Amino acid sequence: MYPNILRHPGPTPIPKKVQLAMDHDMISHRTEEFVQLYRETTKRVKPIFGTNQEILLIPSGGTAALEAAVVNILSPGEEVVVITVGAFGNYFVSICEKYGFKVHKLEKNWGDACTEEDLIQFLKPLSNVKAVFATYNETSTGILNPIEKLAEVVRTYSDALFIVDGVSCIGGAPAEMDKWGIDILVTGSQKAMMLPPGLSLLSISEKAWRVIEKNHTSSYYLDLLSYRDWAENGMTPNTSAISLIFGLSAVCDLIEEEGGFSQTIARHELMKNMVRSAMKALSIGLLTSDEYASPTITAIWAPKGLELPLFLSHLKQKYYLDFAGGLGHLQGKIFRFGHMGYCFPSDILQAVSLIEAGLQDFNYSFEPGVGVLAAQRVFLDTHRM
Ligand SMILES: *Cc1c(COP(=O)(O)O)cnc(C)c1O
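Just so we're clear, the structure is a prediction, and the values are computed from it rather than from any experiment. (Residues numbered from 1 in each chain as written. Predicted model: local features only at pLDDT ≥ 70, side-chain atom pairs only at ≥ 80, totals over all residues. Heavy atoms only, no water.)

**Notes on the overall build of the chain**
What counts here: We count a stretch as a helix when DSSP gives it H or I for four or more residues in a row; a strand needs E for two or more, and each element gets its number in order from the N terminus. The reference for a compact globule is 2.2 Å times residues^0.38; the radius of gyration itself is calculated from the C-alpha atoms. Burial here depends on accessible area, computed with a 1.4 Å probe over protein chains only, as a share of the maximum for the residue type. Under 20% is buried, over 50% is exposed, and the range in between is partly exposed. Here, residues are in contact when the closest pair of their heavy atoms is within 4.5 Å. Values of accessible area rely on a 1.4 Å probe in the Shrake-Rupley scheme; residue burial ignores everything except the protein chains shown.
Regarding its fold elements, the chain presents 14 helices and 13 strands. For 385 residues, the compact-globule estimate of 2.2 N^0.38 gives 21 Å, and the C-alpha radius of gyration of the chain, at 21 Å, lies within 12% of that figure. The buried share among the 385 residues of the chain stands at 57%. Of all intrachain contacts in the chain linking residues separated by at least 6 positions in sequence, the fraction that spans at least 24 positions is 72%. In the structure as shown, the chain presents an accessible area of about 16200 Å², 50% of it carried by carbon and sulfur atoms.

Shown next, in the form of structure tokens:
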């Protein structure tokens, strides 16, 4: 089999140890063995969310957990603010509109972040907002919104709940759900969590539970009160994504082996800096500013003079290097370099080197080696012998 160097912002490569853990003989989700697995594993995930609350597991894609967050806290006609800085923020808008909530859309240009000041100005004239929704890491543009600051603004200027889509960064970016005051934090398995698709994880604040308890939820499968009831007994209401939970336990092992979650975050920060330095050295443009650059995905403009779809399919065919293209109006204009989860500085050096080889095939004008050297320098400067 030919290799597939998967550098998408999800799904992402699966570590061998996780694959082997998922190969466990099937067990029933109504056994003592499962209860123990569930309890231990969800407890070990808490530091990744920065919470003391329970971690709930839904056998679903990330979108279902986002939908759960929406339907459990709101009733039709209620007002919400959705911060959108790209394609995934817009999905949040669609979910809210589908259920008949009145959406105030705080929209920024693709490639920009939502700043504290943006949110203050937007929230001030509104008086009846029940929830503010934000994307932590916008996967379509590689923007990391300043979530800690936005959480503070929500608390200061409203009584609204603050709901955060962390699907493409939790596991690779800092998260202090309790300390920052996030009311619902959601992620999925197939991005920075190093698992296959099919499991979503979420955690809920006391304040949000009080709202959920009073709210009438129209969803059966996504009724979070039922997830909470079953979690008390170490189970989920319906059949769990059992294999993925075995995998999740191995993910927690890997994070421990790395030296704890702060080391995992530092590795993502390092990889971001390596990619950005390499592209700058190659005179290839970056969509976002350094200030709000994502630690898990970098959006990169087409190298000057190159037909991007042709270049990407060439990288894939000749070098087995697989990047994601742009979404929406950025399709054909940018490509997205995923560096999250099971990805290391050595993988960045490999990808940059192969990009350089591809650039030479296309007669792009540059000094071969400058990108690799720039990435190497960042690595060496961070890890001095
Ligand atoms: C991938 C992604 C989602 C959707 O997750 P699915 O598992 O595809 O449902 C939602 N939000 C963000 C930010 C994502 O990156």
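Past the structure itself, the notes keep going.
**Quick notes on the pairing of strand 3 (residues 79-84)**
To keep it simple, the criterion reads: Two strands form a pair only when DSSP identifies at least two bridges running between them. Clockwise travel from the first strand over the helix to the second, with the strands pointing away from the viewer, marks a crossover as right-handed.
Counted residue by residue, strand 3 has six buried out of six residues, so it is predominantly covered. Of the two faces of strand 3, the one carrying E79, V81 and I83 and the one carrying V80, V82 and T84 are both buried. Looking at chain direction, strand 3 and strand 4 (residues 102-107) are connected through six bridges and run parallel. Its bridge partner lying in strand 4, V81 is registered against H104. Once the chain exits strand 3 it traverses helix 4 (residues 87-98) before rejoining the sheet at strand 4, and the crossover so formed is right-handed.

**Regarding the packing of aromatic side chains**
Operational definition: Between the rings of Phe, Tyr and Trp (Trp by its six-membered ring), a pair exists once the centres lie within 6.5 Å; its type follows the angle of the planes, with under 30 degrees stacked, over 60 edge-to-face, and the other angles tilted. Over a ring means this: the NZ of a Lys or the CZ of an Arg is within 6 Å of the ring centre and within 35 degrees of the ring normal.
Here the structure, examined in full by the defined rule, presents 11 aromatic pairs. Where Y2 meets Y320, the ring centres are 5.1 Å apart and the plane angle is 15 degrees; that geometry is what we call stacked. A residue pair is termed long-range when its members are at least 10 positions apart, and Y2 in the segment before strand 1 (5-7) and Y320 in the loop between helix 12 (308-319) and strand 12 (321-325) qualify at 318 residues. Centre to centre, the rings of Y364 and F366 are 5.8 Å apart; their planes meet at 45 degrees, and the pair counts as tilted. Ring-pair connections join several aromatic residues into one group, and the members of that group are F323, F335 and F337. In this structure, R228 packs its charged tip against the face of W209, placed 4.5 Å from the ring centre. A cation over an aromatic ring shows up here: R267 above the ring of F344, its NZ or CZ 4.4 Å from the ring centre.

**Description of the domain arrangement of the chain**
For clarity, the cut-off: What counts as a domain boundary in this text is fixed by an automatic or database domain assignment. Accessible area that two parts lose when put together, evaluated with a 1.4 Å probe and summed over both, is termed the buried area. The definition of a polar contact used here is a pair of N or O atoms within 3.5 Å, where within protein one atom must be able to donate a hydrogen and the other to accept one, and adjacent residues in sequence count solely through side-chain atom pairs. Ten residues, namely Ala, Val, Leu, Ile, Met, Phe, Trp, Tyr, Cys and Pro, are considered nonpolar, four, namely Asp, Glu, Lys and Arg, are considered charged, and the remaining ones, Gly among them, are considered polar.
Taken domain by domain, the chain holds domain 1 (5-11 + 260-383) and domain 2 (16-256). Taking only C-alpha atoms into account, the centre of domain 1 sits 28 Å from that of domain 2. Listed by partner, the interface residues are 26 residues for domain 1 and 29 residues for domain 2. In this assembly, domain 1 packs against domain 2 so that about 2200 Å² is buried in total across both faces, 69% of it on carbon and sulfur atoms. On the domain 1 side of the contact with domain 2, F261, Y292 and L327 bury the most area, a combined 29% of that side's loss. In this assembly, domain 1 and domain 2 are joined by seven residue pairs in polar contact (both at pLDDT 80 or more). Elements with a contribution of two residues or more to the side of domain 1 that touches domain 2: helix 11 (261-281), strand 11 (297-301) and strand 13 (334-338). The biggest single contributor to the side of domain 1 that touches domain 2 is helix 11, with four residues. When its residues are assigned to classes, the side of domain 1 that touches domain 2 shows 15 nonpolar, 10 polar and one charged.

**Details of the sheet that holds strand 2 (residues 55-58)**
Note the threshold: Fitted lines through C-alpha atoms serve as axes, helices being fitted only where they are in contact, and the angles separating the N-to-C directions of these axes extend from 0 to 180 degrees.
Across the sheet, which stays open at both edges, the seven strands sit in the order 2-10-9-8-5-3-4 with mixed pairing between neighbours. Strands at the two margins of the open sheet, each flanked by one partner only, are strand 2 and strand 4. Each strand of the sheet is rotated relative to its neighbour by a mean of 20 degrees, with strand direction disregarded. As defined by bridge partners, strand 3 adjoins strand 5 (residues 129-135) across four bridges and the pair is classed as parallel. Opposite V82, over in strand 5, you have F133 as the bridge partner. Here helix 2 (residues 32-49) sits on the sheet in contact with strand 2, strand 9 (184-188) and strand 10 (200-204), set at roughly 115 degrees to strand 2. Against the sheet, helix 5 (residues 116-123) contacts strand 3, strand 4 and strand 5, and its axis sits at roughly 145 degrees relative to strand 4.

**Observations regarding the nonpolar core**
Our working rule: The nonpolar core is taken to be a set of buried Ala, Val, Leu, Ile, Met, Phe, Trp, Tyr and Cys residues, with the residues joined through side-chain atoms within 4.5 Å.
Ranked by size, the top nonpolar core spans 97 residues in total, and within it I83, F133 and F162 carry the most contacts. No other element matches helix 10 (residues 242-258), which puts 10 residues into this core. In contact with F133, other than residues within four places in its own chain, are V70, I73, L74, V80, V81, V82, I83, F92, C96 and I163. Of all hydrophobic cores here, the second largest spans 35 residues; its members include L306, L354, F366 and A375.

**Quick notes on helix 6 (residues 147-157)**
The test is simple: Throughout, the arc means the angular range of directions from the helix axis out to the C-beta atoms.
Of the positions making up helix 6, those classed as buried are I147, L150, A151, V153 and V154. Taken down its axis, helix 6 places every buried residue within 160 degrees of arc, on the same side. Buried-residue contacts for helix 6 involve strand 3, helix 5, strand 5, strand 8 (161-165) and helix 7 (177-180).

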